[in-house]
Amino acid sequence: MSSLISSVAWVRRGFPAEFPKKYNLDEAEYERIAALTKTKVDDAKEALEQAQEQAKKATEDLIIEDELAEYNLEDYDKEEEQPEEVGEAGAPMALFGNAKGLAFHQSNEEDAYITLQDVAADEDAEERADLQILPTDNLILTAKTEDDLSHLEVYVYEDEEANLYVHHDIMLPAFPLCIEPLDYPVGRQVTEDNKIGNFVAIGTFEPDIEIWDLDVVDGMYPNAILGQGGPAGAAATGGASDATGKKKKKKSKKQGPNSAYHVDAVLTLSSAPLTRNLLASGSADTTIKLWDLNTCLAASSYNYHTDKVGSIAFHRAEAAILLTGSYDRTVAVADLRITTGAAGRWGVESDVENVAWNPHDPNGFFVGTDSGMVHYFDVRNIPKTPAQSKPLWSLQAHDSQPVSTLAINNHIPGLFATGSTDKMVKVWNVPEATGSGPRMVVSRDLGVGKVFSASWGPDAEVAFRLGVAGSKGVVQVWDASTNAGVRRAFEGRVAAPVAEYGEDRTVGVVDDDEEESDDEEGEEGVEIPMEEGDDEDLEGEDEDDDEEDHPEGWESMDEQ
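The rules we used
Residues numbered from 1 in each chain as written. Predicted model: local features only at pLDDT ≥ 70, side-chain atom pairs only at ≥ 80, totals over all residues. Heavy atoms only, no water. Helix = DSSP H or I, 4+ residues; strand = E, 2+ residues; numbered from the N terminus. Polar contact = N/O pair within 3.5 Å; in protein donor to acceptor, adjacent residues only side chain to side chain. Contact = heavy atoms within 4.5 Å. Phe/Tyr/Trp six-rings, centres within 6.5 Å; stacked < 30°, edge-to-face > 60°. Buried < 20%, exposed > 50% of the residue type's maximum accessible area, 1.4 Å probe, protein only. Pairing = 2+ DSSP bridges. Axes fitted to C-alpha atoms, helices over the stretch in contact; angles between N-to-C directions.

Q: Outline the side chain of Thr 268, listing residues and values.
A: Examined against the element boundaries, Thr 268 turns out to sit in strand 11 (residues 266-271). A distance of 3.2 Å separates a polar atom in the side chain of Thr 268 from the backbone nitrogen of Ile 312. Not counting chain neighbours up to four residues away, the residues in contact with Thr 268 comprise Cys 178, Ala 280, Ser 281, Gly 282, Val 309, Gly 310, Ser 311 and Ile 312.

Q: Give me the lowdown on unusual backbone geometry, citing residues and values where you can.
A: Its identity as a non-glycine residue notwithstanding, Asp 147 has a phi of 55°, on the positive side. Following the sequence through the fold, Asp 147 ends up in the loop between strand 3 (138-146) and strand 4 (149-158).

Q: Tell me about the packing of aromatic side chains, and please be specific about residues and values.
A: For the coordinates displayed, the defined rule picks out 13 aromatic pairs. For the ring pair Trp 346 and Phe 377, a centre distance of 6.5 Å and an interplane angle of 50° mean the geometry is tilted. Of this pair, Trp 346 sits in strand 18 (residues 344-347) while Phe 377 sits in strand 21 (residues 373-378); the two residues are 31 residues apart in sequence, bridging distant segments of the chain. What makes Trp 346 buried here is its relative accessible area of 1%. Ring centres of Tyr 376 and Trp 393 lie 5.4 Å apart, and the angle between their planes is 10°; this geometry places the pair in the stacked category. Of this pair, Tyr 376 sits in strand 21 while Trp 393 sits in strand 22 (residues 393-396), placing them 17 residues apart in sequence. Overall, the relative accessible area of 8% leaves Tyr 376 in the buried class. On the basis of relative accessibility, which here comes to 9%, the residue Trp 393 falls in the buried class.

Q: Now, about the sheet that holds strand 11: what can you tell me, with residues and values included?
A: With antiparallel pairing, the four strands of this open sheet are ordered in space as 11-12-13-14. What marks the edges here is a single partner per strand, and that holds for strand 11 and strand 14 (297-302). Taken over all neighbouring pairs, the strand axes of this sheet differ in orientation by 25° on average, direction set aside. Here strand 13 (residues 288-292) pairs with strand 14 via five bridges, running antiparallel. Of the residues in strand 14, the one forming a bridge with Asp 292 is Leu 297.

Q: Describe the sheet that holds strand 5 (residues 163-172), listing the residues and the values that go with them.
A: The strand order across the open sheet built from four strands is 1-3-4-5, with neighbouring strands paired in antiparallel fashion. Taken across any chain shown, the strands that pair with only one partner, and hence form the sheet edges, are strand 1 (3-11) and strand 5. Strand-to-strand, the axes of this sheet are offset by a mean angle of 25°, without reference to chain direction. In terms of strand pairing, strand 3 meets strand 4 through nine bridges, oriented antiparallel. Bridge assignment links Ile 140 to a residue of strand 4, and that residue is Tyr 155.

In C-alpha cells:
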C-alpha cells in the first residue's frame, strides 16, 4: 500500500481544547449541514425512513415455504394461555404478592446491586482521558494519502516524553495539497468569551477549501466551505438548484477564473496573523482570493501572475501585505488594499516553489525554486523589470532537485531548513553579519523518503523541533538542538540548548506491524537512532580538512 504526506503544520500550545468533543449528529447539525449544502436533508431523512419501513414490511410478509408450513414456525415462540393462579381467598395472585417490604429505587444509580452504570462511567472516563490534550502538548497536522484515500491526521506531540501518536483523523474528498491552522472561531458567533478557535483550512485538487474544527472528533462534514460548494457558489448563482433541491452538477466544460471562487486546485493557503478573520489562497487558476471567515465569501480576487500560484505568505507586521510566488518564475509583493497591480515584482531562474518572509527582518524574504536555489531579497530594492532582480544572496541548496519545502524558524534568527526530493533535509545558518550568505550546518536523511514538507515548532519550548514528512507517508520530529553542530552554530543567539536526550533525537510513530525492542515495548513514540552515514554533520569536521572536499555552501563554524 503506497502512502505519502504532502503537507505538515503545527498548532501552537494552548489553542486546542483540553477535552475535544465527540461529533453529535443532532437536529441542529442537520440544519447546519442543510444550510451549508443547500440540500433538503429533511426530505432525505423521510425517504430513508420510508425505505426502512418498506424493507421491514417486506421481511414480515415473506411466505413460509410449503414444507415448513406444517410446523407453524410463526407461532413457535407463543406460549399457551395458562389458567390464572388464585390465592387462598380466591383472589388472583399479584406478582410478588407475598413479598413484604420490597425496596423500590426510582433510579438505578440508587440501587447498590446494579453496577452497570459504574462500568459505563469507567468507560466514559477512560475515553475522556484518551482524548485529553495537555497544555504542554502540541498538535501536528499532516495531509496524508493512502492509495486513493485521503485524510487529515491529527497527531499529539509530547516533547518531554518524546511521544508522538495519532489523536484522530478527518476524511477528505480529494488529494490534499496544503493545510493552514486557524485560530479564528469559524462558523461561530464571536464574543468576548469566544474569540479563539482551533480550526484548519485544507486545500485540495478540488477548487473548494474545507474548514474543519480540530476540537471535534469523528466529524462528518466541514464547518465551512470556501468556494463553489459553499456560500460563495450560492451567491454567484443566486442559490440556483435543480428540481430536487440538490446542487447542480458541475458542467463538463471547464470554467474560467472569476472573482467569487476558485475553479482549479488550491495550491497554497496563508492566514493573516494580524487580521485573524482573513485567509488568502492561491490556485492553479492563476488567481489569489482573500476570504472573509465571517461570511465565508471572497472579499477580493487578485491577478498578479500568468501561471499557477504555488506559494503565498502574509507579512507578520503589515496586515495588508502579501508575498506571492508563481510558476511564471516571478514573485510579487502586493498591498491587498489595492486591487490592481502589485507593489513590486522580482524574477527568478525557474518555477517558484516556496516564498517566506524573514520573521527577524521585516524587509527580507526568501524564495525557493524548482532548480534547487534559495534567493534572499530586500523588499525595498524593487527592480524595474523582473529580469533585473538582484538578490542579496543566492544559494544552491539542492543539486538539480527542487526546494520542495522551505522552513524559516520564527524564534531563532538565521536558522532555516530546506528539503527536497533528494530525500535530504538541510539546516542552514545565516550569520548576523550583513551581506553574508548562509552556511550549511548539517544535512540529514530522516527516513521519510522524498521530502515534501517541513515545519519548525511554533512555540519557544519546541523552537528547535523540526517536523518532516514525505513520500513514505510517515512524519518524524527531529530535535535539532541535540545535534552538536547546531548547538555550536546558534549558541550565541539563543540560550544554549542542553542535549538531554542523547545525540540527534528523532521521534516518530511506530507501525503496528513493526517489531519493537524490549526497551521500546508499549511506547507509541520512540527515539529513532540514525544509522551510520545518515548524518552529515558539517559543523563537526576537522579544521585541517580542505574546504574543496566539502559540498558547496559548507563552511565550518569552528573557523568563525
